[in-house]
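Next come the chains, spelled out residue by residue.
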Amino acid sequence: MSRFEDIQTKLENLSPIPVNMPKLYLLGDTGAGKTTIVRNIIGTNAYKFPSVLQKRCTVAVTEYVLSKDLPYKATYIFKKEEQVNEFVKEILEISIEKAYLSFRKKELSPVNVAEDIEETPDERFRLKYILSTEQLEDVVKSIVELLPNLDKAVDSLKIELQSKEEEIGVVVDLALEQNEEIKEILDKIKAKILDCIKNKVSELCEGFTLFSDDDFYQHSSTDIENFVEQAKKLLSSGKNSISPVVEYARLQGNLLADWLPADTELVIIDGEGIGHDTREASRLSARHLDYFHFADFIGLVEECKKPFASGGKSAIDGIVRNGYSEKFNLIFAKLDEVEVGDDVGANREEKVRAVKKGFANVINALKEDGVEISIGNDHLYYLSNMKDKETNAESISEIDRLLTNIKKKFHEERPQFVEPVYDYEMLSSYLTKSSGNFTDKWVSMLNSRHWQTVKAFNRRMCWEWDEFRDMKPVSDFHGEVTMEIEYFISHPSAWKESATASMQRKSVDRIKQSFSKQLLAFARLVILKNYDTDWDDAMALSGTGSTTFRKTKIQSIIQEVLPDHRKPEAIKIKDSIKKLLIEAIEVSMA
């Protein structure tokens, strides 16, 4: 069972979603406006909840189960103790190395040390939210006091290893691992930080003990203001919040803006952004694929002023290739910021036309990549001035249109499935390039990444996470295989009974969805489960040459995961993919 499935199972036991309630998954680039849209729908603008910032702020995926008939209740699942420990350790290692390099140059600044302690490199774990100013200063002081001892240990190791100056970071890492006196000091700093985290959680969660037998916390209220104020303490992107240790949240209740129909019932899933930068967003993360299948509808949020500047194009690519076109809705946010030439007084219609022209360019670019998408105006929405205290009439109308379409579509009868016929003898010919593309990308990536980045990535593979920043082996495996086999799935050799083109397309999409889900589980099994010992062995490497050995070990895993199509080992992978496709058809027929 994947971590996603494990969390959903736990949530359904603790706070189940009522039956027949449609689920809308919102995704989009960091800062595109997803959470602002949620604020307007759940009517919590006045409470400044959820947090909205122009940076990655939605780290814990949050589900909002909206109904006037539900009591206010929130459930939070916390990160595992091992992960929080490793996050703190990672932050300390990186901040100490940076501080030491500044110390050697006589340029040490406590302010810079504090900034390095505040968060992990990928901004998914932020100590600055939990630690008070005094606690942060105390950690900085401990690190500064450690540096003279570290300097002596590094000089000693350099003589022993005959190390070159450019390898100083590796020597620092080795000193932190091997010098018993430094290790003891480092362990005390880490223990102090972890105690601060536990105390803060206990303070904000009615005495709850973090890392106890229960990894969840719940609270409820009959008053929306009290309920939201407590939720802010756990989910806000700001000081005096414990959001960094929250992995997942589900909030339910009469969280409906007063302009919404009283009978509105909906689950909105506000997920983490597609990517923090263009490189990170170049391929859709595997976590989004989980929600594509879980949700009934997908809402891609794009900024009108600079649409598809980062991950939107890859999101549409993933939605179409994996058969989720019928679920797709495109929401353009910040229409008020659109500039139409030199006309500063352009009206709404002119701005909408300008946005549509930009979208047409993206459709053409996708077509050149082999992705055909046809989306009508009834699935395009335009929102403006969403940060205002009151939601404007035009945006209310657009959101109402979105929710009405969702309700209508959700209650439509499921289309009839028509079974396709495939020539499986031809399947192998469609799986010749995926291995080379996958391996070549990863060899290049491993050779270009800093050793600390590779180590951080390795650490997350040991946790059975899908990725670290733009290093996404599960997504890459899934994407390369999907890209190659998509044409095969879309063009069966025959059909078992006559059907319209629309019925055929919808049947193929259903197969793609099922195949995508099973392929994702298979990718996680092959990469994370089958090689768990290898990932642990790579992570355990230390000492001189360990960075090179780790990189070589990881490269070996990658090459074995999706072997060259000419090698005997590739036959097993091809047979597994064929089996997944056959099972996907059987699931689609059920």
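The structure we're discussing is the one just above.
What counts and what doesn't
Residues numbered from 1 in each chain as written. Predicted model: local features only at pLDDT ≥ 70, side-chain atom pairs only at ≥ 80, totals over all residues. Heavy atoms only, no water. Helix = DSSP H or I, 4+ residues; strand = E, 2+ residues; numbered from the N terminus. Rg over C-alpha atoms; globule rule 2.2 N^0.38 Å. Buried < 20%, exposed > 50% of the residue type's maximum accessible area, 1.4 Å probe, protein only. Contact = heavy atoms within 4.5 Å. Areas by Shrake-Rupley, 256 points an atom, 1.4 Å probe, with all protein chains shown as cover. Lys, Arg positive; Asp, Glu negative; His and termini not counted. Charge placed at Lys NZ, Arg CZ, Asp CG, Glu CD. Polar contact = N/O pair within 3.5 Å; in protein donor to acceptor, adjacent residues only side chain to side chain. Phe/Tyr/Trp six-rings, centres within 6.5 Å; stacked < 30°, edge-to-face > 60°. Lys NZ or Arg CZ within 6 Å of the ring centre and 35° of its normal. Pairing = 2+ DSSP bridges. Right-handed = clockwise from strand over helix to strand, strands pointing away. Axes fitted to C-alpha atoms, helices over the stretch in contact; angles between N-to-C directions. Patch = residues over 30% accessible without salt bridge, like charges linked within 9 Å, V, L, I, M, F, W, Y side chains within 5 Å. Salt bridge = Lys/Arg side-chain N within 4 Å of Asp/Glu carboxyl O. Parallel < 35°, antiparallel > 145°, perpendicular 65-115°, else oblique. Left-handed = near helix turned anticlockwise from the far one by under 90°. Nonpolar A, V, L, I, M, F, W, Y, C, P; charged D, E, K, R; others polar. Expected span 1.5 Å × (residues − 1).

K.L.:
Looking at this structure, I do not really get the overall build of the chain. What am I missing?
P.N.:
The helix and strand inventory of the chain stands at 20 helices and eleven strands. Computed over its C-alpha atoms, the radius of gyration of the chain comes to 26 Å, within 12% of the 25 Å expected for a compact globule of 590 residues. The principal-axis extents of the C-alpha atoms in the chain amount to approximately 80 × 65 × 55 Å. The burial tally for the chain puts 54% of its 590 residues in the buried class. When contacts within the chain are restricted to residue pairs at least 6 apart in sequence, long-range pairs at least 24 apart make up 80% of them. As presented, the chain carries roughly 26,200 Å² of accessible surface, and 48% of it is formed by carbon and sulfur atoms. Side-chain charges in the chain split into 81 positive and 100 negative, and the spacing between the mean points of these groups amounts to 1 Å.

K.L.:
Looking at this model, I keep getting lost on the side chain of Gln-252. Mind explaining?
P.N.:
By the secondary structure assignment, Gln-252 is in strand β5 (residues 246–253). At 3.2 Å, the side chain of Gln-252 forms a polar contact with the backbone oxygen of Pro-71. Beyond its immediate sequence surroundings of up to four residues, Gln-252 is in contact with Ser-15, Val-65, Leu-70, Pro-71, Tyr-72, Lys-73 and Phe-227.

K.L.:
Please clarify how the packing of aromatic side chains should be interpreted in this entry.
P.N.:
Aromatic rings considered in pairs are described by the distance between their centres and by the relative angle of their planes. Inspection of every chain in the model, using the stated rule, returns 27 aromatic pairs. Judged by centre distance (6.2 Å) and plane angle (20°), the ring pair of Tyr-76 and Tyr-217 falls under stacked. Residue Tyr-76 is located in strand β3 (residues 72–78), and its partner Tyr-217 is located in strand β4 (residues 216–221); the two are separated by 141 residues in the primary sequence. Each of the two residues, Tyr-76 as well as Tyr-217, counts as buried. When the centroid spacing of 6.0 Å and the interplanar angle of 55° are considered together, the rings of Phe-208 and Tyr-217 count as tilted. For the pair shown, Phe-208 and Tyr-217 are each scored as buried. One aromatic cluster is present, formed by Phe-4, Tyr-25, Tyr-291, Phe-292, Phe-294 and Tyr-324 through successive ring pairs. We note Lys-23 situated over the ring of Phe-294; from NZ or CZ to the ring centre the distance is 5.1 Å.

K.L.:
Help me understand the pairing of strand β7 (residues 297–303) in this model?
P.N.:
Put simply, side chains in a regular strand alternate between the two faces of the sheet. Burial runs high along β7: seven of the seven residues are buried. When strand β1 (residues 23–28) meets β7, the two strands line up parallel, connected through five bridges. Across the sheet, Tyr-25 pairs through a bridge with Ile-298, a residue of β7. Across six bridges, the pairing between β7 and strand β8 (residues 328–333) is parallel. Residue pairing for β8: Ile-298 is matched across the bridge by Phe-328. The handedness of the β7 to β8 crossover, carried by helix α11 (residues 312–321), is right-handed.

K.L.:
Would you mind showing me how to read the sheet that holds strand β2 (residues 61–66) here?
P.N.:
Pairing between the strands of a sheet is mediated by backbone hydrogen bonds and can be parallel or antiparallel. Pairing is mixed across the open sheet formed by nine strands, whose spatial order is β4-β3-β5-β2-β6-β1-β7-β8-β9. Of all strands in the sheet, those bounded by a partner on one side alone are β4 and β9 (380–382). With direction set aside, neighbouring strand axes in the sheet form an average angle of 20°.

K.L.:
Looking at this model, I keep getting lost on a negative patch on the surface. Mind explaining?
P.N.:
Taken together, the side chains of Glu-82, Asp-532, Asp-536 and Asp-537 make up a negatively charged region of the molecular surface. Tracing the sequence through the fold places Asp-532 in helix α18 (residues 532–540).

K.L.:
What should I look at first to understand the environment of Arg-353 in this one?
P.N.:
Here Arg-353 lies in helix α12 (residues 348–368). With relative accessibility at 49%, the residue Arg-353 sits in the partly exposed group.

K.L.:
So what exactly am I meant to see when it comes to the packing of α11 against α12 here?
P.N.:
Where α11 contacts α12, the two axes come as close as 11 Å, and the packing angle between them is 55°. By the angle between their directions, the pair α11 and α12 is classed as oblique. In this structure, α11 meets α12 at a crossing whose hand is right-handed. On the side of α11, the interface is formed by Lys-313, Ile-316 and Asp-317, while α12 contributes Phe-359, Val-362, Ala-365 and Leu-366. For the contact of α11 with α12, the per-class residue count stands at five nonpolar, no polar and two charged.

K.L.:
Just to check I follow, could you spell out the environment of Gln-83 for this structure?
P.N.:
Mapped onto the elements of the fold, Gln-83 is located in helix α3 (residues 81–104). Residue Gln-83 is classed as buried on the basis of its relative accessible area, which comes to 6%. In the structure, Gln-83 is positioned 500 residues away from Glu-583 in sequence and 35 Å away in space, judged by C-alpha atoms. Apart from the residues lying within four places of it in its own chain, the contact partners of Gln-83 are Trp-463 and Trp-465.

K.L.:
I keep staring at the environment of Lys-553 and nothing clicks. Help me out?
P.N.:
Along the chain, Lys-553 falls in helix α19 (residues 546–561). A C-alpha to C-alpha distance of 34 Å links Lys-553 and His-293, two positions 260 residues apart in sequence. When near neighbours in sequence (up to four residues on either side) are disregarded, Lys-553 contacts Asp-534, Asp-537 and Ala-538.

K.L.:
Looking at this model, I keep getting lost on the pattern of salt bridges. Mind explaining?
P.N.:
Under the definition given, this model contains 43 salt bridges. The shortest N-O distance in the salt bridge between Arg-3 and Asp-6 comes to 2.7 Å. With Arg-3 and Asp-6 both in helix α1 (residues 3–14) and three residues apart, the pair spans about one turn of that helix. Judged by relative accessible area, Arg-3 falls into the partly exposed class, the value being 24%.

K.L.:
Honestly, the packing of helix α6 (residues 133–161) against helix α7 (residues 168–178) in this entry has me stumped. Any pointers?
P.N.:
The geometry of a pair of packed helices is captured by two quantities: the angle between their axes and the separation between those axes. At a closest axis distance of 9 Å, the pairing of α6 and α7 adopts a crossing angle of 110°. What the angle tells us is that α6 and α7 run roughly perpendicular. The way α6 lies across α7 gives a crossing that is right-handed. Residues Leu-150, Ala-153, Val-154, Leu-157, Lys-158 and Leu-161 of α6 form the contact with α7, whose participating residues are Ile-168, Val-171, Val-172, Leu-174, Ala-175, Leu-176 and Gln-178.

K.L.:
Looking at this structure, how should I read α3?
P.N.:
An α-helical segment advances 3.6 residues per turn. Residues three or four places apart therefore align on the same side. A rise of 1.5 Å per residue sets the reference length of α3, with its 24 residues, at 34 Å; its end C-alpha atoms lie 35 Å apart and thus fit the reference within 8%. Lys-106 occupies a position one or two residues after α3 and carries a positive phi of about 60°.

K.L.:
Looking at this model, I keep getting lost on the pairing of β2. Mind explaining?
P.N.:
The buried fraction of β2 is high, at six of six residues. Of the pairings in the sheet, the one linking β2 to β5 comprises six bridges and is parallel in character. Bridge pairing in β5 links Val-61 to Tyr-248. Two strands pair when backbone bridges link them, and β2 and strand β6 (residues 266–270) are joined in this way by five bridges, in the antiparallel orientation. Following the sheet pairing, Thr-62 is matched in β6 by Asp-270.

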